[in-house]
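Close look at the chain arrangement
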Amino acid sequence: MADRSALITGITGQDGSYLAELLLKKGYQVTGIVRRLSSPNLNNLAQVLGRVKLVDGDLMDQSSLSQAVKSSGPDEIYNLGAQSFVGTSFAQPVLTGEITGLGTLRLLAAARENAPQAKIYHASSSEMFGHVGAEPQDENTPFHPRSPYGVAKVYAYWACVNYREAYSMFVSNGILFNHESPRRGLEFVTRKITDGVARIATGKADTLTLGNLDARRDWGYAPDYVDLMWRVLQAKSPGDYVGATGEAHSVREFVQAAFETAGISDWQKHLRTDSQFNRPSEVFNLRGSPAKAKRELGWEPTTRFKELVKIMVEADLKRHGENSN
Ligand code: NAP
Ligand code: G4F
């Protein structure tokens with residue numbers, strides 16, 4: 001019998017699946033909220049199916065969240081569910097606000113009613129910094145979001161702070177910078193690049209078409225960041241923590257490193273740009289300071305840029321080598 005139980009929203013996503021694996025290793029009983037889809041997508045959960053309990057629920061639906069909290073009786077709640085793609089948030093701003101912003105408030109209300117002692121981790125984002133005035137960004141950097149997604153995350157961030165202050169609940173924000181892995185969705189730039197490079201290397205495609213190559217991000221490795229999420233909830237008191245590597249690279253540098261990892265030196269001839277992938281308002285440069293997380297939680301990222309690119313390219317090369325489409 002596990003002595004601690006955790007409830008995860010967004011368990012089918014990149015972070016949720018790595019977090020489930022980490023918590024199972026630590027002996028937790030893990031419950032994940034899964035929304036109804038016509039074709040269930042449990043690919044990321046292959047390694048944990050049968051060991052996690054999946055319950056129906058949706059961040060759009062208050063009663064299902066209340067029921068999930070009540071039935072799982074969690075010691076810890078990790079709110080990772082979101083419409084998480086910035087590009088889509090411009091096309092579907094209201095839906096993004098509903099899921100990513102109000103969805104967080106619905107979960108907080110469900111927790112307050114059914115498990116007020118549970119510790120809550122909320123997945124805040126460096127997208128909240130947006131149009132940054134200072135570098136590196138830390139817990140005290142002002143927010144200036146540049147997308148409906150960033151705006152929704154700022155709302156959710158403050159909803160968490162408000163529940164902490166108003167109801168003395170243990171609610172913490174992890175303000176995480178971009179973190180990637182072979183489980184990253186194919187629409188995000190890193191995975192689009194490593195998948196595209198693998199297609200070119202295996203003769204399935206000839207070109208890779210991207211938007212703004214000059215954007216810079218602080219890219220880390222997702223398994224490191226789920227370890228930070230867990231540490232945030234083991235702190236004595238709730239608080240807000242930046243998770244980052246402290247290093248930024250451009251999209252162009254990621255592209256070059258990915259092609260070189262695949263052994264393609266004339267990479268520039270395979271690269272195109274198309275303004276359809278540009279955003280109406282761009283976040284040009286993000287680089288975080290993880291000093292507080294290191295000082296207070298003993299957290300440090302283990303995987304740096306070149307190693308991250310290698311892990312992702314090799315996984316996509318393997319997949320495309322084994323797979324004919
Ligand atoms: P992800 O792979 O896109 O996963 C998002 C998860 O949210 C999926 O499990 C998805 O379920 C679920 N979801 C979407 N709409 C939902 C709804 N209406 N009700 C319930 N669940 C819903 O995202 P991720 O990269 O793992 O990120 C996890 C969290 O961290 C997100 O909140 C994201 O915004 C935030 N974040 C991510 C990063 C990063 O670099 N990865 C950085 C900062 C913050 P389906 O499988 O059904 O779609
Ligand atoms: O990979 P991206 O789509 O990630 P973005 O917008 O930074 O958001 C991710 O990180 C956030 C943390 O800061 C999370 F909160 C969020 O949920 C998500 O996980 O784009 C990265 C950069 C952007 O500047 C974008 O304009 O890459 C640029 N880019 C250039 N060409 C492209 C492309 N992005 C995408 N998705 N596709 C392109 O073709």
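Computed from a predicted structure; not experimentally measured. (Residues numbered from 1 in each chain as written. Chains lettered and ligands numbered in written order. Predicted model: local features only at pLDDT ≥ 70, side-chain atom pairs only at ≥ 80, totals over all residues. Heavy atoms only, no water.)

**Quick word on the sheet that holds strand β6 (residues 171–176)**
Strands sit in the order β3-β2-β1-β4-β5-β6-β11 across an open sheet of seven strands; the sheet is parallel. Two strands close off the open sheet at either side, each with one partner strand: β3 (53–56) and β11 (240–243). Each strand of the sheet is rotated relative to its neighbour by a mean of 20°, with strand direction disregarded. In this structure, strand β1 (residues 5–9) lies alongside strand β2 (residues 29–34), joined through five bridges in parallel fashion. Note on β2: the bridge partner recorded for Ala-6 is Val-30. Docked against the sheet, helix α4 (residues 93–114) engages β1, β4 (76–79), β5 (119–125) and β6, running at close to 170° with respect to β4. Against the sheet, helix α5 (residues 148–167) contacts β5, β6 and β11, and its axis sits at roughly 155° relative to β5. (Pairing = 2+ DSSP bridges. Helix = DSSP H or I, 4+ residues; strand = E, 2+ residues; numbered from the N terminus. Axes fitted to C-alpha atoms, helices over the stretch in contact; angles between N-to-C directions. Contact = heavy atoms within 4.5 Å.)

**Some thoughts on the pairing of β6**
Burial analysis of β6 places six of its six residues in the buried class, which makes it a mostly covered element. As paired elements, β5 and β6 share six bridges and run parallel to each other. Looking across to β6, one finds that Ile-120 is bridged to Val-171. Traced from β5 through α5 to β6, the parallel crossover comes out right-handed. (Buried < 20%, exposed > 50% of the residue type's maximum accessible area, 1.4 Å probe, protein only. Right-handed = clockwise from strand over helix to strand, strands pointing away.)

**Observations concerning the site of ligand 1**
What surrounds ligand 1 is a group of 25 residues, the closest being Thr-12, Arg-35, Asp-58, Ser-84 and Tyr-149. Interatomic distance of 3.0 Å between a backbone N/O atom of Gln-14 and an oxygen atom of ligand 1. Within the backbone of Leu-59, one N or O atom sits 2.9 Å away from a nitrogen atom of ligand 1. For ligand 1, the protein covers 89% of the area, taking 890 Å² as the surface of the free molecule. Those elements that place two or more of their residues in the shell around ligand 1 are α1 (14–25), β5 and α5. Examining the composition of the shell around ligand 1, we find that three residues originate from one element, β5, more than from any other. (Near = heavy atom within 4 Å. Polar contact = N/O pair within 3.5 Å; in protein donor to acceptor, adjacent residues only side chain to side chain. Areas by Shrake-Rupley, 256 points an atom, 1.4 Å probe, with all protein chains shown as cover.)

**Here's the deal with the site of ligand 2**
Near ligand 2 there are 24 residues, and of these Ser-84, Ser-125, Ser-126, Tyr-149 and Arg-279 occur at the shortest range. The side chain of Arg-217 places a nitrogen or oxygen atom 2.8 Å from an oxygen atom of ligand 2. A distance of 2.7 Å is found between an oxygen atom of ligand 2 and a side-chain nitrogen or oxygen belonging to Glu-282. Against a free-state accessible area of 720 Å², the protein chains account for coverage of 95% of ligand 2. Looking at the shell around ligand 2, its residues break down into eleven nonpolar, six polar and seven charged. (Nonpolar A, V, L, I, M, F, W, Y, C, P; charged D, E, K, R; others polar.)

**Details of the pattern of salt bridges**
Applying the stated criterion to the full structure yields 19 salt bridges. Two residues, Arg-106 and Glu-98, come together in a salt bridge whose shortest N-O distance is 2.6 Å. Across the salt bridge formed by Glu-314 and Lys-310, the nearest N and O atoms sit 3.6 Å from each other. With Glu-314 and Lys-310 both in helix α10 (residues 305–322) and four residues apart, this pair spans about one turn of that helix. Here the salt bridges share partners, and the residues they tie into one network are Arg-191, Asp-195, Arg-199, Asp-316 and Arg-319. (Salt bridge = Lys/Arg side-chain N within 4 Å of Asp/Glu carboxyl O.)

**Some remarks on the environment of Arg-164**
In this structure, Arg-164 sits in helix α5. Taking relative accessible area as the criterion, Arg-164 reaches 18% and is therefore assigned buried. Considered as a pair, Arg-164 and Tyr-149 are 15 residues apart in the sequence and their alpha carbons are 23 Å apart. Residue contacts for Arg-164: discarding those within four places in its chain leaves Met-169, Val-171, Ser-172, Pro-238, Gly-239 and Asp-240.

**Here's the deal with the pairing of β5**
In terms of burial, β5 is largely enclosed, as six of its seven residues are buried. Where β4 and β5 come together, four bridges link them in parallel fashion. From the neighbouring strand, Glu-76 faces β5, where its bridge partner is Lys-119.

**A word on the packing of aromatic side chains**
As enumerated under the stated definition, the model contains twelve aromatic pairs in all. Plain terms: the ring middles of Tyr-157 and Trp-158 are 5.0 Å apart, the flat faces sit at 90° to each other, and that makes the pair edge-to-face. With a relative accessible area of 7%, Tyr-157 lands in the buried category. By relative accessible area, which is 49% here, Trp-158 ends up partly exposed. For the ring pair Tyr-225 and Trp-299, a centre distance of 5.3 Å and an interplane angle of 75° mean the geometry is edge-to-face. Residue Tyr-225 is found in helix α7 (residues 222–234), and its partner Trp-299 is found in the loop between α9 (291–297) and α10; the two are separated by 74 residues along the sequence. When its relative accessible area of 0% is taken as the criterion, Tyr-225 is described as buried. (Phe/Tyr/Trp six-rings, centres within 6.5 Å; stacked < 30°, edge-to-face > 60°.)

Geometric descriptors of this kind do not, in isolation, establish any biological role.
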